[in-house]
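Per-entry structural report
Single-letter residue listing:
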Amino acid sequence: MKTGEISAAVIRRLPRYYRYLGELLNRGVVRISSKELSDRMGVTASQIRQDLNNFGGFGQQGYGYNVEYLYSEIGKILGLDQKNMMIIVGAGRLGQAIANYSDFEKRGFLIRALFDIDPEVVGTSVHGIPVFHMSEMEKFVKDNQIYIAAIAIPKEAAPTVANELVKMGVKAIWNFAPTDLALPREVAQENVHLTESLMRLSYKLKAKEEE
């Protein structure tokens, strides 16, 4: 099955598998069964096997999964076996928080620059990453082969900036602006709407209280 044909639900679970397997690897666990992985993750053993069978299976009957091998293979599926150069558009509190998160670099996501129009932040740096003016963004993107951009700016400006990034050659948008972006189909996008996430949490809290 081609990667593009995998369901969104399976794709959402892959990073969780990767995280749990990484924790097991750090603890020196060599192998694990789908049942044991199921108990840890709260996903049925059958679901785990179905998910992994989309990519070839990786397990052996009577043995389970080799933790190191499965961790490595899921990393390849997620594209973590290569370096991904990225920028952040918006050097406000959210943009700076993203830049300060050190785990991105451990996963191969290298933040090369932030861009903003605020003269108070342009010319400074965040976590050792320079902040440039927006007018310098196009040249920087093309000179440094930037294919991923995180957008952490007000929603009014996000659609225009996203379209400009696509024209510059950016192939994936990580959108933190509270708006949906209409981008070409060939451009990958992941939306992180913090308020919507909090509202979902509020719903779950209300439902628990009503049980």
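Here, every reference points to the structure presented above.
Residues numbered from 1 in each chain as written. Predicted model: local features only at pLDDT ≥ 70, side-chain atom pairs only at ≥ 80, totals over all residues. Heavy atoms only, no water.

1. Overview of the packing of helix α1 (residues 8–26) against helix α2 (residues 34–41)
The N-to-C vectors of α1 and α2 enclose an angle of 105 degrees; their axes lie 11 Å apart at closest approach. As judged from the angle between their axes, α1 and α2 are roughly perpendicular. Each of R16, Y17, Y20 and L24 in α1 lies in contact with α2, whose residues at this interface are L37, R40 and M41. (Axes fitted to C-alpha atoms, helices over the stretch in contact; angles between N-to-C directions. Helix = DSSP H or I, 4+ residues; strand = E, 2+ residues; numbered from the N terminus. Parallel < 35°, antiparallel > 145°, perpendicular 65-115°, else oblique. Contact = heavy atoms within 4.5 Å.)

2. What about the environment of Y20?
Relative to the helices and strands, Y20 is located in helix α1. Between the alpha carbons of Y20 and A152 there is a distance of 29 Å; along the sequence they are 132 residues apart. If we skip the residues at most four places from it in the chain, Y20 touches R40 and M41.

3. Examining the sheet that holds strand β3 (residues 84–89)
Whenever strands of a sheet pair, they do so through backbone hydrogen bonds, lying parallel or antiparallel. Read across the sheet, seven strands follow the order β5-β6-β4-β3-β7-β8-β9 without closing on themselves; strand pairing throughout is mixed. Across the chains shown, the open sheet's two edge strands, defined by having one partner strand only, are β5 (125–126) and β9 (188–191). Bridge count between strand β4 (residues 109–116) and strand β6 (residues 129–133): three bridges; the pairing is parallel. Its bridge partner being in β6, F115 is matched across the sheet by F132. (Pairing = 2+ DSSP bridges.)

4. A word on the layout of surface pockets
What the largest pocket holds in volume is close to 1600 Å³. Forming the walls of the largest pocket are 32 residues, and the residues nearest its centre are P15, L78, L80, F109 and E190. Of all the secondary-structure elements, those providing two or more residues to the lining of the largest pocket are α1, β3, α6 (103–106), β8 (172–175) and β9. No other element matches α1, which puts eight residues into the lining of the largest pocket. Across the lining of the largest pocket, the residue classes break down as 20 nonpolar, six polar and six charged. (1 Å grid on protein atoms, 1.4 Å probe; cavity = no way out; pocket = protein on both sides within 12 Å on 5 of 7 lines; lining within 4 Å. Points joined across faces, edges and corners; volume = space filled by probe spheres on them. Nonpolar A, V, L, I, M, F, W, Y, C, P; charged D, E, K, R; others polar.)

5. Side note on the packing of aromatic side chains
Any aromatic ring pair is given by two values, namely how distant the centres are and how the planes are angled relative to each other. In total, this model carries eight aromatic pairs according to the counting rule given. Arranged with centres 6.2 Å apart and planes meeting at 70 degrees, the rings of F58 and Y69 form a pair that is edge-to-face. In this pair, F58 sits in the loop between α3 (45–53) and β2 (65–66) while Y69 sits in helix α4 (residues 67–77), placing the two residues 11 residues apart along the sequence. By relative accessible area, which is 17% here, F58 ends up buried. Judged by relative accessible area, Y69 falls into the partly exposed class, the value being 41%. Judged by centre distance (4.7 Å) and plane angle (65 degrees), the ring pair of W174 and F176 falls under edge-to-face. Residue classification places W174 among the partly exposed positions, given a relative accessible area of 22%. Three or more aromatic residues joined by ring pairs make a cluster, and in this case those are Y101, F104, W174 and F176. (Phe/Tyr/Trp six-rings, centres within 6.5 Å; stacked < 30°, edge-to-face > 60°. Buried < 20%, exposed > 50% of the residue type's maximum accessible area, 1.4 Å probe, protein only.)

Structural measurements only, silent on function.
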